[in-house]
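# Structural overview for review
Here's the letter readout for the chains.
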Amino acid sequence: MLWCGETRPGSVADITQARRSGLVDLLSDTRGPRILADAGYQGLGGQTGGQVLTPPRQRRGKNLEHLQ
């Protein structure tokens, strides 16, 4: 495990928790191994200088054409 933020009550999106906990600031100041993250963290790559890698965004309905 590389990071564990503090526990907060309620429902919070993954990316919001990463920003609030200081993880984005830590990663943007660090040059080391890149972190593979799930789609819940899309957008952090640009904010951390490419330190976080996430799957590419998929457009809704893009793969539905073959089902019709």
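Residues numbered from 1 in each chain as written. Predicted model: local features only at pLDDT ≥ 70, side-chain atom pairs only at ≥ 80, totals over all residues. Heavy atoms only, no water.

With that settled, the discussion passes to the overall build of the chain. Counting its secondary structure elements, the chain contains three helices and two strands. Reading the chain from its N terminus to its C terminus gives the helix and strand order α-α-β-α-β. For the chain, with 68 residues in total, the buried portion stands at 19%. Residue pairs in contact within the chain that sit at least 24 positions apart in sequence constitute 23% of those at least 6 positions apart. Carbon and sulfur atoms form 51% of the exposed surface of the chain, whose accessible area is close to 5600 Å². (Helix = DSSP H or I, 4+ residues; strand = E, 2+ residues; numbered from the N terminus. Buried < 20%, exposed > 50% of the residue type's maximum accessible area, 1.4 Å probe, protein only. Contact = heavy atoms within 4.5 Å. Areas by Shrake-Rupley, 256 points an atom, 1.4 Å probe, with all protein chains shown as cover.)

Moving on: the environment of P55. Take P55: it is sitting in the segment after β2 (52-53). Residues contacting P55, with those up to four places away along its chain left out, are A37, D38, A39 and Q42.

Turning our eyes to something else, we now look at helix α1 (residues 14-21). Taken together, the buried positions of α1 are I15, Q17 and A18. Seen end-on, α1 carries its buried residues on one side only, within an arc spanning 160°. As for α1, its buried residues are in contact with α2 (23-28) and α3 (44-47). G22 lies just past α1 and shows a positive phi near 95°. (Arc of directions from axis to C-beta.)

Moving on to the nonpolar core. Among soluble globular proteins, nonpolar side chains are generally buried collectively. Ranked by size, the top nonpolar core spans eight residues in total: I15, A18, L23, V24, L27, A37, L44 and V52. Among the elements that make up this core, the one with the highest residue count is α2 (three residues). Residues within four places of V24 in sequence aside, it is in contact with A18, R19, L44, Q47 and T48. (Core = buried A, V, L, I, M, F, W, Y, C linked by side-chain atoms within 4.5 Å.)

The next subject is the confidence of the model for the chain. For the chain, per-residue confidence averages 80 on the pLDDT scale, and 82% of positions sit at 70 or higher. Of all helices and strands in the chain, the one with the weakest mean pLDDT is α2 (84), whereas β2 scores best (89). (pLDDT = per-residue confidence, 0-100.)

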